[in-house]
2 protein chains.
Amino acid sequence: MKQQAVFRALADPTRRAILKRLQGGALSAGDIGEAFEITPASLSHHFAVLKQADLVRTERRGQYIVYSLNSTLMEDIARMVLDLFPIGPSKGGKR
Amino acid sequence: MKQQAVFRALADPTRRAILKRLQGGALSAGDIGEAFEITPASLSHHFAVLKQADLVRTERRGQYIVYSLNSTLMEDIARMVLDLFPIGPSKGGKR
DNA sequence: TATATATTTAGACAAATATCTAAATGTCGC
DNA sequence: GCGACATTTAGATATTTGTCTAAATATATA
């Protein structure tokens, strides 16, 4: 897995906001963009970074391109982050 | 909490390696630096970024400055990351 | 106090990044 | 096919970032 790509993708606040926005379900690029004061081109750039990290999936639906979270990666991401610290997150110490 | 500072700090591979290195316990700046082909000045810059994110603590011990992980933040960090995804990491789902 | 060691700070510079505008590509409805 | 809409790609630019060297600060020890 491209650990660097994931961390880099999460480093930008706009991209994190995009991920949050997708929590409600899949959205077209344009629908996502409505929440941000940013050009479609810049937005597209962020999508590319998120895709490269495999954090989102895309599907063309007619005229639109629909983005959705790749939640199957979630556990891996959690592991990647927690791996940076000596013990697990739960009180019991997950190991 | 400075979410942006944390994500930014984790985005650099050298800084992640520093965190890993500290898992074994506190180390002086110089001891940490031995693992990297980087000048002390650059290393110090990375420490500053990690400190700003509150990921590490420092303590002067005589001539040395000793760094250690701030593991109390771990849960917060895990939450910050998992917050970007719709459901929790454990098989049981949301926590 | 003087010297050596450890670390940080200041300043410069190259590479990476986020943004924009303009143009290209892809799809739909007429 | 043509025009309208949605999205991406290309190219330019300004900002941020990681790195360096040189100088400054702090501590230890002779």
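Note that the structure is predicted; figures quoted are calculated from it, not measured.

Cut-offs and rules
- Counting from 1, residues in each chain are numbered in the order their sequence is written.
- Just so you know, chain letters begin at A and ligand numbers begin at 1, following the order they were written in.
- Only residues with pLDDT of at least 70 are given local features in this predicted model, and only at 80 or more are side-chain atom pairs given and counted; all residues enter the totals for whole chains, interfaces and linings.
- Only heavy atoms go into the side-chain values, all of them from the structure, while hydrogens and water stay out.
- When DSSP finds two or more bridges between two strands, those strands count as paired.
- Comment: elements are numbered from the N terminus, with helices defined as DSSP H or I runs of at least four residues and strands as E runs of at least two.
- Any two rings among Phe, Tyr and Trp, with Trp reduced to its six-membered ring, count as a pair given centres within 6.5 Å; such a pair is stacked if its planes are under 30 degrees apart, edge-to-face if over 60, and tilted if neither.
- The criterion for a residue being near a molecule or strand is simple. One of its heavy atoms has to lie within 4 Å of it.
- Counting of polar contacts relies on pairs of N or O atoms within 3.5 Å, with two restrictions inside protein: one atom must be capable of donating a hydrogen and the other of accepting it, and residues adjacent in sequence are counted only when both atoms are side-chain atoms.
- For this classification, the nonpolar set comprises Ala, Val, Leu, Ile, Met, Phe, Trp, Tyr, Cys and Pro, the charged set comprises Asp, Glu, Lys and Arg, and every other residue, Gly included, is treated as polar.
- Copies overlap after least-squares fitting; the atoms used are the C-alpha atoms of residues with pLDDT of at least 70 in both.
- It only takes one pair of heavy atoms within 4.5 Å for two residues to be counted as in contact.

A. Up close: the pairing of strand S3 (residues 64-69) of chain A. Residue and element names in this part refer to chain A. The sheet contact formed by strand S1 (residues 27-28) and S3 spans two bridges and is antiparallel. Across the sheet, Leu27 pairs through a bridge with Tyr67, a residue of S3. Examined bridge by bridge, strand S2 (residues 56-61) and S3 share six bridges and lie antiparallel to one another. Across the sheet, residue Thr58 finds its bridge partner in S3, namely Tyr67. Where S2 folds back onto S3 in an antiparallel hairpin, the turn is made up of two residues, including Gly62, whose phi is positive at roughly 60 degrees.

B. Main features of the packing of aromatic side chains. Residues and elements named next belong to chain A. Under the counting rule described, the total for this entry stands at two aromatic pairs over all chains. On the numbers, 4.1 Å between centres and 25 degrees between planes, the contact of Phe47 with Tyr67 is stacked. One end of the pair, Phe47, is in helix H4 (residues 40-52); the other, Tyr67, is in strand S3, with 20 residues separating them in the sequence.

C. Spotlight on the protein's contact with DNA strand D. Within the structure, DNA strand D sits among 23 residues, and Gly30 and Tyr67 of chain A together with Thr39, Ser42 and His46 of chain B are positioned closest to it. Restricting the count to atoms of DNA strand D within 4 Å of the protein gives a sugar and phosphate share of 78%. The separation between a phosphate oxygen of DNA strand D and a polar side-chain atom of Arg8 of chain B is 3.5 Å. Residue Ser42 of chain B places a side-chain N or O atom 2.7 Å away from a phosphate oxygen belonging to DNA strand D. Those elements that place two or more of their residues in the surface near DNA strand D are helix H3 (29-33), H4 and S3 of chain A together with helix H4 (40-52) of chain B. Here the residues of the surface near DNA strand D are counted per class, giving nine nonpolar, ten polar and four charged.

D. Region of interest: the relation of the copies chain B and chain A. Expressed as a screw operation, the relation of chain B to chain A combines 0.0 Å of axial shift with a rotation of 180 degrees, fitting to an RMSD of 0.0 Å. Such a turn and shift between the copies fits a two-fold axis. Residues of chain B ranked by C-alpha distance from the rotation axis are headed by Ala11 of chain B, positioned 3.0 Å from it. The fraction of interface residues of chain B whose copies in chain A are also interface residues reaches 96%, indicating that both copies meet through the same surface.

Scope: geometric values only; no functional claims are made or implied.
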